[in-house]
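Letter by letter, the chains look like this.
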Amino acid sequence: MPSLDVFLSTPWLLYLTVLFVSLCIGSFLNVVILRLPKMMHQEWRCQCQEFLEVPEGERKSEETVTLSRPASTCPSCGHRIRPWENIPVVSYLFLRGKCSNCKTRISPRYPLIEAITAVFSLITVWLLGPSAGTLWALALVWALIALTMIDFDTQLLPDNITLPLMWLGLVLNYFGYLTDFTSAFWGAVAGYLSLWSVYWLFKLVTGKEGMGHGDFKLLAAIGAWLGWQLLPAVVLLSSLVGAIVGISLMVFRKHGREVPIPFGPYLAAAGLLSLWFGDEILFGWYAWLGVG
Ligand SMILES: [Zn+2]
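Residues numbered from 1 in each chain as written. Predicted model: local features only at pLDDT ≥ 70, side-chain atom pairs only at ≥ 80, totals over all residues. Heavy atoms only, no water.

Undergrad: For this particular structure, what's the right way to read the coordination of the zinc ion?
TA: Angles between donor atoms at a metal ideally measure 109.5 degrees for a four-coordinate tetrahedral arrangement and either 90 or 180 degrees for a six-coordinate octahedral one. Donor atoms from the polypeptide that bind the zinc ion are Cys 74 (SG), Cys 77 (SG), Cys 99 (SG) and Cys 102 (SG), placed at 2.3 Å. Around the zinc ion sit four donor atoms; with metal-centred angles ranging over 104 to 115°, the donor geometry is tetrahedral. Cys 77 gets classed as partly exposed once you look at its relative accessible area, which sits at 34%. On the accessibility criterion, Cys 102 (29% relative accessible area) is partly exposed. (Donors = N, O, S within 2.8 Å, 3.2 Å for Na, K, Ca; no water. Tetrahedral: all angles 85-135°; square planar, octahedral: opposite > 155°, others 65-115°. Buried < 20%, exposed > 50% of the residue type's maximum accessible area, 1.4 Å probe, protein only.)

What follows is the structure, encoded as structure tokens:
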């Protein structure tokens, strides 16, 4: 594709486009992070009521939430957010972080997620270099950001994101965008089975559930995108970061050991680091093992 080549070989055009697109995607991720868990709860409630054969009249009626409906409003005064108040990062700064109608503070989390999405996307293009594979890799970065925040908020890793992410990784690597297909295929298999085995071992020994099924699917997706070779690094990095954060939470905030700490954000962070520094990680790994 000649037009794609021109685009990729014009740095200012590439970075500027990635900046604008990823800011808008960040704004969309805010909606996904907020609404997808609500949509899942709604669906579960609906299924439970159907299963329990609750009569139509006794079912709890509620306004259906989708990604596009209802329109975004201020949670305090119900003021409908106008398009110019919805420009990523810029509107927040312009409104000085307050609702234009009732002056209630808007959480800085929204512009932060938009900014992080843009910064991570630019870093990805910078580190991986301009190629079609890099543009596809942005989809992985965006999905990991959404999954991290949803898991952080709700301890859920929605199948609606993890499963399509895994399939997309397999399809892209069928065409060799980020790794070869064999590595991607065994990456998905090993990613799922490794955590699945840990889960059952932990359950047999302690009788408790140590992690959610979403974690297996997320590691399968990461394996499908990056290949099985990087999985040991992903698991090691996420356990290390998880252990450090977990222990410091217990020490500093008297976080009980029974309070579940979501593992998804650590897996996602390790997946992102492995996407960025995969070659360096593998090189170090092979040097340490004395092969290659
Ligand atoms: Zn308001």
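Undergrad: It is not clear to me how a positive patch on the surface should be interpreted in this structure. Could you clarify?
TA: Together, Arg 96, Lys 98, Lys 103 and Arg 105 give the surface a local cluster of positive charge. Summarising the element assignment, Arg 105 is placed in the loop between helix 3 (90–94) and helix 4 (109–128). (Patch = residues over 30% accessible without salt bridge, like charges linked within 9 Å, V, L, I, M, F, W, Y side chains within 5 Å. Areas by Shrake-Rupley, 256 points an atom, 1.4 Å probe, with all protein chains shown as cover. Salt bridge = Lys/Arg side-chain N within 4 Å of Asp/Glu carboxyl O. Lys, Arg positive; Asp, Glu negative; His and termini not counted. Charge placed at Lys NZ, Arg CZ, Asp CG, Glu CD. Helix = DSSP H or I, 4+ residues; strand = E, 2+ residues; numbered from the N terminus.)

Undergrad: Help me understand the domain arrangement of the protein in this model?
TA: Many analyses report the size of an interface as the accessible area lost when the parts associate. Domain boundaries in the protein define domain 1 (1–122) and domain 2 (131–292). In this complex, domain 1 contributes 22 residues to the contact, which on the side of domain 2 involves 18 residues. Overall, the association of domain 1 and domain 2 removes approximately 1600 Å² of surface from exposure, summing both partners, and the carbon and sulfur fraction of that is 85%. By the criterion of area lost to domain 2, the three top residues of domain 1 are Ile 33, Leu 36 and Phe 120, representing 30% of everything that side buries. Between Arg 109 and Asp 153 there is a salt bridge, and its shortest N-O distance comes to 2.9 Å. In this structure, the connection of domain 1 to domain 2 is made through two residue pairs in polar contact (both at pLDDT 80 or more). Of all elements in the fold, only helix 1 (2–8), helix 2 (11–51) and helix 4 reach the threshold of two or more residues within the side of domain 1 that touches domain 2. (Domains from an automatic or database assignment. Contact = heavy atoms within 4.5 Å. Buried area = accessible area lost by both parts, 1.4 Å probe. Polar contact = N/O pair within 3.5 Å; in protein donor to acceptor, adjacent residues only side chain to side chain.)

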